[in-house]
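Coordinate inspection notes
Single-letter residue listing:
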Amino acid sequence: MLRSPEILLDQALQVSFPAEIWSLACAVFSIMGQQPLLHSWFPSNDSILQEHFDALGYLPKEWWVSWANRSQYFDDQLRSVNGVPRHPLEDGLELSIQEPRT
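The structure displayed is predicted, hence computed values, not measured ones. (Residues numbered from 1 in each chain as written. Predicted model: local features only at pLDDT ≥ 70, side-chain atom pairs only at ≥ 80, totals over all residues. Heavy atoms only, no water.)

A look at the side chain of glutamate 6
Along the chain, glutamate 6 falls in helix H1 (residues 5-9). Sequence-distant contacts of glutamate 6, defined by excluding residues within four places in its chain, comprise Leu13, Ser16, Ala19 and Trp63. (Helix = DSSP H or I, 4+ residues; strand = E, 2+ residues; numbered from the N terminus. Contact = heavy atoms within 4.5 Å.)

A word on the layout of surface pockets
Computed from the structure, the largest pocket encloses a volume of approximately 430 Å³. In terms of lining residues, the largest pocket is bounded by 25 residues, among which Leu37, His39, Glu51, Asp54 and His87 are the most central. Mapped by element, the contributors of at least two residues to the lining of the largest pocket are helix H3 (45-56) and helix H5 (89-98). The dominant element in the lining of the largest pocket, judged by the number of residues it contributes, is H5, at five residues. Among the residues making up the lining of the largest pocket, the classes are represented as twelve nonpolar, nine polar and four charged. (1 Å grid on protein atoms, 1.4 Å probe; cavity = no way out; pocket = protein on both sides within 12 Å on 5 of 7 lines; lining within 4 Å. Points joined across faces, edges and corners; volume = space filled by probe spheres on them. Nonpolar A, V, L, I, M, F, W, Y, C, P; charged D, E, K, R; others polar.)

What to know about the packing of helix H2 (residues 17-33) against H5
Taken N-terminus to C-terminus, the directions of H2 and H5 make an angle of 40°; their axes are 9 Å apart at the nearest point. By the angle class used here, H2 and H5 are oblique. Contacts from Phe29, Met32 and Gly33 of H2 reach H5 at Leu89, Gly92, Leu93, Ser96 and Ile97. When its residues are assigned to classes, the contact of H2 with H5 shows five nonpolar, three polar and no charged. (Axes fitted to C-alpha atoms, helices over the stretch in contact; angles between N-to-C directions. Parallel < 35°, antiparallel > 145°, perpendicular 65-115°, else oblique.)

Here it is as structure tokens:
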């Protein structure tokens, strides 16, 4: 669940410093928010990528076009194809980190 999008999209890539920062940021969010940033019961590369795009919105275009199964989750305007509303990162920050501390 903590693998960065570029590692999920290209398994041949070696883990880079930015990918390590991604994993650290996910771990920090889990600690601070008392729940993980990404929630997937049976994580597959596609379900994790779906959560990345769901929380963060559009990521770099080359990642979007290289995700072969994106049409199973989103249309080209990043709307969910199954009608489930998106859960932007801002909502997660508010609910998991800001509200409990007020």
